[in-house]
Amino acid sequence: MKKMKKFGAILMAGALSLGVCAFTACGDKEEKANAYTIIVQDTAGNPIANYPINLCEYDANGALISCNTPIPTDANGKVVFNVEEKKYHVNDGLTTDNLILAGDYIIESYNTYTVVLKTK
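*Asks:* Lay out the environment of Lys 78 in plain terms, naming residues and giving numbers.
*Replies:* Within the element layout of this structure, Lys 78 appears in strand S5 (residues 78–81). Taking the C-alpha atoms as reference points, Lys 78 and Ala 49, separated by 29 residues in sequence, lie 7.8 Å from one another.

Below, the structure is given as structure tokens:
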């Protein structure tokens, strides 16, 4: 009976982690056709590694609906979001760094997008 309870707990933990991964994109770094790929660069075109990026959804009045958990970029400045295809605003998840987004980045369809960060 103890083995069955332990097995059940492992299955529940696995199912929970899959649900969390679906919402946060699990930091997937591999480019995929049905995903948003974000490349983060500085103003000189150099990749910015380990910089947290998230996607946020707003309603027609500009009120925040939701944001996913920020995911850090890889060594090449890339992060992939496997989320539902709709309109998102790209946000940086880091407020204490000396870099900020160089503009408003709104994405609406699966593709690869380049986001530029500038010095505050």
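*Asks:* Now, about the sheet that holds strand S9 (residues 111–119): what can you tell me, with residues and values included?
*Replies:* Strand order across the open sheet formed by 4 strands is S5-S1-S9-S7, with mixed pairing between neighbours. Strands at the two margins of the open sheet, each flanked by one partner only, are S5 and strand S7 (99–101). Sheet twist, expressed as the average angle between the axes of neighbouring strands with direction ignored, equals 30°. In terms of strand pairing, S7 meets S9 through 3 bridges, oriented antiparallel. Residue pairing across strands places Leu 101 opposite Leu 117, the latter belonging to S9.

*Asks:* Just give me the short version of the pattern of salt bridges, but keep the residues and values in it.
*Replies:* Tallied over the entire structure, the rule returns 2 salt bridges. For Lys 86, the salt bridge identified is with Glu 57, shortest N-O distance 3.2 Å. In this pair, Lys 86 is assigned in the loop between S5 and strand S6 (88–92) and Glu 57 in strand S2 (residues 52–58), connecting sequence segments 29 residues apart. A single salt-bridge network, built from bridges that share partners, covers Glu 57, Glu 84 and Lys 86.

*Asks:* Describe the pairing of S9, with residues and values.
*Replies:* Looking along a regular strand, one sees the side chains alternate between the two faces of the sheet. Pairing of strand S1 (residues 36–42) with S9, which is carried by 7 bridges, proceeds in the parallel orientation. Within S9, the residue paired with Gln 41 across the bridge is Val 116.

*Asks:* Talk me through the pairing of S5; I want residue IDs and the actual numbers.
*Replies:* The alternating pattern of S5 places Lys 78 and Val 80 and Val 79 and Phe 81 on opposite faces, both of which are buried. Both S1 and S5 contribute to a ladder of 4 bridges, which runs antiparallel. Bridge pairing in S5 places Thr 37 opposite Val 80.

Analysis parameters
- For every chain, the first residue of its written sequence is number 1, and the numbers climb from 1 along that sequence.
- Two thresholds apply to this predicted model, a pLDDT of at least 70 for residue-level local features and 80 or more for giving and counting side-chain atom pairs, whereas whole-chain, interface and lining totals are computed over all residues.
- The side-chain figures draw on all heavy atoms in the structure; neither hydrogens nor water molecules are used.
- Starting at the N terminus, helices and strands are each numbered in turn, a helix being any DSSP run of H or I of at least four residues and a strand any DSSP run of E of at least two.
- One requirement defines pairing of two strands: DSSP has to find at least two bridges between them.
- Note on definitions: angles span 0 to 180 degrees between N-to-C directions of axes, and those axes are lines fitted to C-alpha atoms, for helices only across the stretch in contact.
- We define a salt bridge as a contact between a side-chain nitrogen of Lys or Arg and a carboxyl oxygen of Asp or Glu at a distance within 4 Å.
- Only protein chains enter the accessibility calculation, which uses a 1.4 Å probe; a residue whose area is less than 20% of its type maximum is buried, one above 50% is exposed, and one in between is partly exposed.

Function cannot be inferred from these measures alone, as they are strictly geometric.
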